[in-house]
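Each chain, written out:
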Amino acid sequence: RVIDATGLLVVPGLVDIHVHFREPGFPQKETIQTGSLAAAAGGFSAVVCMPNTKPAIDTVETLTYVLQTGKRHGAVKVFSSAAMTYGIEGQILTDMESLRKAGAVTFTDDGRTVMDPGILYDCFCKAAELDVPISSHCEDHRFVTSGSFNRGKFSSLLGDPGIPALGEELIIARDILFAEETGARLHIQHVSTARGVQLIREAKARGVRVTAEAAPHHFSITDEQALLSGTMAKVNPPLRTEQDVEAVVQGLSEGTLDAIATDHAPHTIAEKSHPLERAPFGLVGLETAVGLTFTKLVHPGKLQLMDAISKLTINPANIMGLPAGRLEEGHAADIAIIDPNKEWIVEPDTFHSKSRNTPFSGMKLKGKAVLTMVNGNIVYDENSPSG
Ligand code: NCD
């Protein structure tokens, strides 16, 4: 079969190192199968799952279940993180050595930041020994427990206690020190604040082994979105101010932020219909990532095209040591074809994800993945009847 890619970009399959596929435990939100279909539709050929499932991915048994389900039912390559502590409760370190052997590509506290410095120190030492990256969630949940949006003008308007930027920045600073002290590789997840970017910039300058990712929603929209989208704009860390968005964009363009990762966090409409304080944090991101990257960064000239592609492919793959994100001779192809000029409107009802929680509904975007290939097989084709 001949694929006509005239005027399109043919790039390595995209790699998303931050997705929540909800299995085991919450199949009503997403399954590994539906999540991987959403990934394929977004141009991604590989993903790294987060461990805040039920049970958490904290044992070899659960990790193996996720990886095998990915192999069996996944449209794309499904890799997985493992939890730093049992139940992501921050109390007892998991058996990192066994989990690493069983295929965990990173250890993370995604879901709930580990606060105990002693446990964290042991975790970083073990990660250094195993040469596996730590992925840090960086949210000080003790700071504010009841806020839904960034603490500032808009949270005040809404009578929301707000989530302060300082909560994120304190943990970024702390974890950079742990990485510096132990020599472990540290990956900062979903950086959302200007001072967070600055802390990472400084750490890199003095040689700390730190990498970082930004999520499309954090470089695309500000905390003002809370007024427009309500619970659909409720995400962790929260959408921040215009200055923060500018700093995240700057961090991406200068290379301080290495990767774009979606933090795809599906929740049901019923859950997102709860009152603000009770609605869960998170939004789906796999099917809008390319559109937002091109519309907000590449087309306006804020990020070079090749940098954008690197941040969606080889950089995240390298951070997690994945055999993905590059095109190699003699290997079956993982490829995405992107139409950089395709204009489309975000319609959540057409998502392949089980969930529709997005603040981007109705937004006009320019740029879309139109075909995804994994191991030489087409797993998504915009122009075929089945999609
Ligand atoms: C995450 C989720 O739903 O799993 N949500 C999010 O807003 N990023 C969990 C979390 O990071 O709080």
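The notes below deal with the structure included here. (Residues numbered from 1 in each chain as written. Predicted model: local features only at pLDDT ≥ 70, side-chain atom pairs only at ≥ 80, totals over all residues. Heavy atoms only, no water.)

1. Remarks on a nonpolar patch on the surface
Reasoning step 1: Where nonpolar side chains cluster on the molecular surface, the patch consists of Leu157, Leu158, Leu227 and Leu228 and spans about 420 Å² of accessible area.
Reasoning step 2: Here Leu157 shows up in helix α5 (residues 153-157).
Reasoning step 3: Given a relative accessible area of 62%, Leu157 falls into the exposed group. (Patch = residues over 30% accessible without salt bridge, like charges linked within 9 Å, V, L, I, M, F, W, Y side chains within 5 Å. Areas by Shrake-Rupley, 256 points an atom, 1.4 Å probe, with all protein chains shown as cover. Salt bridge = Lys/Arg side-chain N within 4 Å of Asp/Glu carboxyl O. Helix = DSSP H or I, 4+ residues; strand = E, 2+ residues; numbered from the N terminus. Buried < 20%, exposed > 50% of the residue type's maximum accessible area, 1.4 Å probe, protein only.)

2. Some thoughts on the site of the ligand
Reasoning step 1: Around the ligand, the structure places His20, Arg22, Asn52, Asp110, His137, Val235, Asn236, Asp263, Ala265, His267, Phe281 and Gly282.
Reasoning step 2: A distance of 3.4 Å is found between an oxygen atom of the ligand and a side-chain nitrogen or oxygen belonging to Asp110.
Reasoning step 3: In the environment of the ligand, an oxygen atom lies 2.9 Å from a nitrogen or oxygen atom belonging to the side chain of His267.
Reasoning step 4: Contact with the protein chains hides 93% of the accessible area of the ligand, taken as 320 Å² for the molecule alone.
Reasoning step 5: Here the ligand occupies the largest pocket.
Reasoning step 6: A breakdown of the residues in the shell around the ligand according to their chemical character gives three nonpolar, six polar and three charged. (Near = heavy atom within 4 Å. Polar contact = N/O pair within 3.5 Å; in protein donor to acceptor, adjacent residues only side chain to side chain. 1 Å grid on protein atoms, 1.4 Å probe; cavity = no way out; pocket = protein on both sides within 12 Å on 5 of 7 lines; lining within 4 Å. Sits in = over half its atoms within 2 Å of the grid points. Nonpolar A, V, L, I, M, F, W, Y, C, P; charged D, E, K, R; others polar.)

3. Re the sheet that holds strand β6 (residues 107-108)
In a beta sheet, neighbouring strands pair by backbone hydrogen bonds and run either parallel or antiparallel.
Reasoning step 1: Reading across from one edge, β5-β6-β7-β8-β9-β10 is the order of the six strands in this open sheet, with parallel pairing throughout. One side of each edge strand has no neighbouring strand; the edge strands of this open sheet are β5 (82-83) and β10 (259-260).
Reasoning step 2: For β6 and strand β7 (residues 134-136), the ladder comprises two bridges, and the chain directions are parallel. In the sheet register, Phe107 faces β7, and the bridge partner there is Ile134.
Reasoning step 3: Relative to the sheet, helix α7 (residues 194-205) contacts β8 (186-188) and β9 (210-214), its axis offset from that of β9 by approximately 150°. (Pairing = 2+ DSSP bridges. Contact = heavy atoms within 4.5 Å. Axes fitted to C-alpha atoms, helices over the stretch in contact; angles between N-to-C directions.)

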